[in-house]
Amino acid sequence: MATNAPPARGEVARHARRRPGSVTRAARALDAAWDSLASALAAAAFRRREPADGVPPRAPLPTTSAEGGASLRPAAEEHPRSRRVGGLVGYSRDAVPPIRSDLYALKPLFPYAHARAWDSPRGVPVGHDAVTGEPVRHSGRAWFDQGRSGSSTLVMGSKFAGKSALLKSYLVRAVAEHGFRAWVYDTRAVTVPAAPGTPAVTEGEFCAFGREAGGAVHRFTPGGPLRLNLLDERLHGGDPAGREGLVRSVLQFLAGRRLTPQEGFALRVQLERLQSGQPPEGGQPTVVDLRALLLSAPADPAQPFEGTAVAGRSATITEGDLHAWGRDLGLLLDRLVRGDLAGFVDGPTSPELDLDADVVVWDLSGVQGSHPDVVPVLMAASSALVLSAWTAAGRGWGVVVVDELWNAVRVPELGAVVQEVVKKARTLGVEFLGATQHLTDVLGAQGPGRAFVHDADVVVSFRQEPVNARVLGEQLGFSDVEVSALQRLGAHQALWKVPGEPARAVQHVLHGAERRLTDTAQRLT
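Chains are numbered independently. Their residues run from 1 in the order of the written sequence. Note on the predicted model: pLDDT of at least 70 is required for a residue's local features to be given, and 80 or more for side-chain atom pairs to be given and counted; whole-chain, interface and lining totals, by contrast, use all residues. Derived side-chain values reflect all non-hydrogen atoms in the structure, with water molecules and hydrogen atoms excluded from consideration.

Turning to the overall build of the protein chain, a few remarks are in order. Starting at the N terminus, helices and strands are each numbered in turn, a helix being any DSSP run of H or I of at least four residues and a strand any DSSP run of E of at least two. When its secondary structure is counted, the protein chain shows 22 helices and 13 strands. Classification of the 525 residues of the protein chain by burial places 44% in the buried group. Residue pairs at least 24 apart in sequence account for 70% of intrachain contacts in the protein chain once pairs closer than 6 positions are excluded. Carbon and sulfur atoms provide 55% of the accessible area of the protein chain, an area that totals close to 27200 Å². Only protein chains enter the accessibility calculation, which uses a 1.4 Å probe; a residue is then buried when its area is under 20% of its type maximum, exposed when over 50%, and partly exposed in between. The contact criterion used is simple: two residues touch if any of their non-hydrogen atoms lie within 4.5 Å. In short, Shrake-Rupley with a 1.4 Å probe defines the accessible areas, and a residue's cover is counted only from the protein chains shown.

Put into structure tokens, the structure is as follows:
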């Protein structure tokens, strides 16, 4: 009886001892050749039925660069001859049938898969695409080159997510590599380590950038030596309407309301008298002189005001009326001269303030905590320069950065200046970057804040808490997938969103000295 006993030790089964003959090897080679031919024919048929996208493959790198230096040699598969030969036999990367309809149908599940490259020679590098690895560059000037607007960028992010690092590294690269000018409002204080035995210094986090860029750093502190004259002709280019508008905006902020027609009339008359009168010892009048003029009682209250005489008729407004209408304005200015906001705009402009530098940092961190109401006043006074001297023709492209954007937009008149800068960005040659932690901080302001949020050309959002991420979806049109992604972003990762384009996940990269300039996370006060 036959048995299925296993072979003895050392004996090999019969089927394992068989060796492939020439017929077997030929059959396998024929099968491989047939598979290759079938793949090539299938790829050719697919290309004939589904033409390519019209985008040629990336050209191989030259062996020598235009400057004469050595460059990377092309890989074997990048050589034109290899591409042609590989395409004939079906092994080329270009011969693989691309998948189109399925991915487009699944586009809502892959919001970053179809974003076009933002790389531009005139853009400032900010990092690389977290999905494709493509370089990402950004600047208002680069967007204008593409026929699109990039005048305003809204940057948001929770603490320690990388928002400030992006702003500072962008400024470093824009100034050092592209020759941009920079105008920065800095309201966040950091403690800078000092030498052993000396006390640490507290200053704004952009001050180190301003010094290393060779710019002017204007650091305002309570009781400090710096003054910014609200009536300085350089702030408004000597335009009486600009001077009146600036003083009016400051008074409306201090009063918390709009001026009445009588108050506005009294203000204009007293400003004209102050300007046409004998100049004070400092050369230009200040708010101290304006306050004194508004609070001084006239010698004859019944004397008619000549400026209201019409067609030979007698005036109906007296000097007493002007004094009554302007007295409350003088009391408001008293806060800037003798009250809690004194010591910042109550004198001639300090000669230490360089208002014409290409890189200017307004360090308001020293007054943000103790005198928060003076921050919008200083910002309103200095922002008038953006529309006059700093954006003069022929000065090159500029970047205006406002950290803690809610400070700027909570004053309607200052928010109007921000809107004017954004609308005239291409004419003025500037771009505007506004930063805030949460969108609700800006939306809680009045009309200018909401207008800037909805008119922003580029929105950059770092990691957000769930409640804030949902606000972005409701107010800025982020999809559910993008809202979910905002909550899972890592450090120095952000979603960049441009109108008409899918959102792009960007990994921000720091290099060299940028790490030292942006290392403020552990030194915040």
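For the rest of this paragraph, the subject is helix H11 (residues 287–295). Along H11, the positions that sit buried rather than exposed are Val287, Leu290, Arg291 and Leu294. For H11, the buried positions fall inside an angular range of 100° around the axis, keeping them on one side. On its buried side, H11 packs onto helix H9 (240–255), helix H10 (261–276) and helix H12 (319–337). The directions considered for the arc are those from the helix axis to the C-beta atoms.

Positionally, Gly429 belongs in the loop between helix H17 (425–428) and strand S10 (430–436). Separated by 289 residues in the primary sequence, Gly429 and Gly140 have C-alpha atoms spaced 9.0 Å apart. Those residues in contact with Gly429 that sit more than four places away from it in its chain are Arg181, Gly396, Trp397 and Gly398.

As a further point, take the packing of aromatic side chains. Between the rings of Phe, Tyr and Trp (Trp by its six-membered ring), a pair exists once the centres lie within 6.5 Å; its type follows the angle of the planes, with under 30 degrees stacked, over 60 edge-to-face, and the other angles tilted. Enumeration according to the criterion identifies four aromatic pairs in this entry. Ring centres of Trp183 and Trp362 lie 5.7 Å apart, and the angle between their planes is 50°; this geometry places the pair in the tilted category. Linking Trp183 in strand S4 (residues 181–186) with Trp362 in strand S8 (residues 359–363), this pair joins segments that are 179 residues apart in sequence. Judged by its relative accessible area of 0%, Trp183 is buried. Judged by centre distance (5.9 Å) and plane angle (85°), the ring pair of Phe265 and Phe305 falls under edge-to-face. Here the residue Phe265 occupies a position in helix H10, and Phe305 occupies one in the loop between H11 and H12, the gap between them amounting to 40 residues. Taking the relative accessible area as the measure of exposure, Phe305 reaches 11% and is therefore buried. Every member of this aromatic cluster is reached through a ring pair, and the members are Trp183, Phe220 and Trp362. Only lysine NZ and arginine CZ atoms are considered, and such an atom sits over a ring when it is within 6 Å of the ring centre and within 35 degrees of the ring normal. Sitting over the ring of Phe206, Lys168 keeps its end group 5.8 Å from the ring centre.

With respect to burial, strand S3 (residues 152–156) is a largely interior element, five of its five residues being buried. As judged from the five bridges shared by S3 and S10, these two strands associate in the parallel manner. Note on S10: the bridge partner recorded for Thr153 is Leu433. Strand pairing requires that DSSP identify at least two bridges connecting the strands. As paired elements, S3 and strand S11 (residues 458–461) share four bridges and run parallel to each other. Considered in S11, the bridge of Met156 is made with Ser461.

Note that patches include only residues with greater than 30% relative accessible area and no salt bridge, and the join distances are 9 Å for like charges and 5 Å for nonpolar side chains (Val, Leu, Ile, Met, Phe, Trp, Tyr). The salt bridge criterion pairs a side-chain nitrogen of Lys or Arg with a carboxyl oxygen of Asp or Glu, the two atoms within 4 Å. Together, Trp34, Leu37 and Leu41 line one region of the surface with nonpolar side chains, adding up to about 360 Å² of accessible area. Looking at the element boundaries, Trp34 is found in helix H2 (residues 22–49).

Overall, mixed pairing links the 11 strands, which are arranged S2-S1-S13-S12-S11-S3-S10-S9-S4-S8-S7 in an open sheet. Two strands in the sheet have a free side with no partner beyond their single neighbour: strand S2 (135–138) and strand S7 (216–219). The average undirected angle you get between the axes of adjacent strands in this sheet is 25°. By the bridge criterion, five bridges tie S4 to strand S9 (residues 398–402) in an arrangement that is parallel. Residue pairing in the sheet places Val184 in a bridge with Val401 of S9. Fitting a line to C-alpha atoms yields each axis, with helices limited to the stretch in contact; the angle taken between N-to-C directions then spans 0 to 180 degrees. Across the sheet, helix H14 (residues 374–386) lies against S4, S8 and S9, angled at about 170° from S4, the strand it touches most.

One recurring pattern in soluble globular proteins: nonpolar side chains tend to sit buried together. Only buried residues count toward a nonpolar core. Its members are Ala, Val, Leu, Ile, Met, Phe, Trp, Tyr and Cys residues joined through side-chain atoms within 4.5 Å. The biggest cluster of nonpolar side chains holds 73 residues, and the ones touching the most others in it are Trp183 and Phe220. Among the elements that take part in this core, H14 stands out by supplying nine residues, more than any other. Beyond its immediate sequence surroundings of up to four residues, Phe220 is in contact with Leu226, Arg227, Leu228, Phe344, Leu353, Trp362, Asp363, Leu364, Gly366, Val367 and Leu378. By size, the runner-up hydrophobic cluster in this structure holds 34 residues, among which are Tyr170, Ala174, Trp397 and Leu517.

This structure, assessed with the given rule, holds 16 salt bridges. We note a salt bridge from Arg268 to Glu244, for which the minimum N-O separation is 3.9 Å. Here Arg268, found in helix H10, pairs with Glu244, found in helix H9; they are 24 residues apart in sequence, far enough to count as distant. Exposure remark for Arg268: the relative accessible area of 33% places this residue in the partly exposed category. Since its relative accessible area comes to 14%, Glu244 is described here as buried. Here Arg291 makes a salt bridge to Asp334, at a shortest N to O gap of 2.8 Å. In this pair, Arg291 sits in helix H11 while Asp334 sits in helix H12, placing the two residues 43 residues apart along the sequence. We classify Asp334 as partly exposed; its relative accessible area is 23%.

Running from N to C, H10 and H11 cross one another at 120°; their axes reach a closest spacing of 10 Å. One element, H10, and the other, H11, form an angle in the oblique class. Handedness of the H10/H11 crossing: right-handed. On H11, the residues that touch Leu267, Gln270, Leu271, Arg273 and Leu274 of H10 are Asp289, Leu290, Leu293 and Leu294. Residues are grouped as follows: Ala, Val, Leu, Ile, Met, Phe, Trp, Tyr, Cys and Pro are nonpolar; Asp, Glu, Lys and Arg are charged; every other residue, Gly included, is polar. Along the lines of polarity and charge, the residues of the contact of H10 with H11 split into six nonpolar, one polar and two charged. Geometric relationships in this document are graded by angle, where less than 35 degrees denotes roughly parallel, more than 145 denotes roughly antiparallel, 65 to 115 denotes roughly perpendicular, and other angles denote oblique. Take the far helix as your reference; a near helix turned counterclockwise from it by less than a right angle gives a left-handed crossing, and one turned clockwise gives a right-handed crossing.

Okay, the pairing of S8 next. Within S8, five of the five residues are buried, which leaves it mostly tucked inside the rest of the structure. Summarising the sheet, S4 and S8 pair through five bridges and their orientation is parallel. Bridge pairing in S8 places Val184 opposite Val361. Both S7 and S8 contribute to a ladder of four bridges, which runs parallel. Residue pairing in the sheet places Ala216 in a bridge with Val360 of S8.

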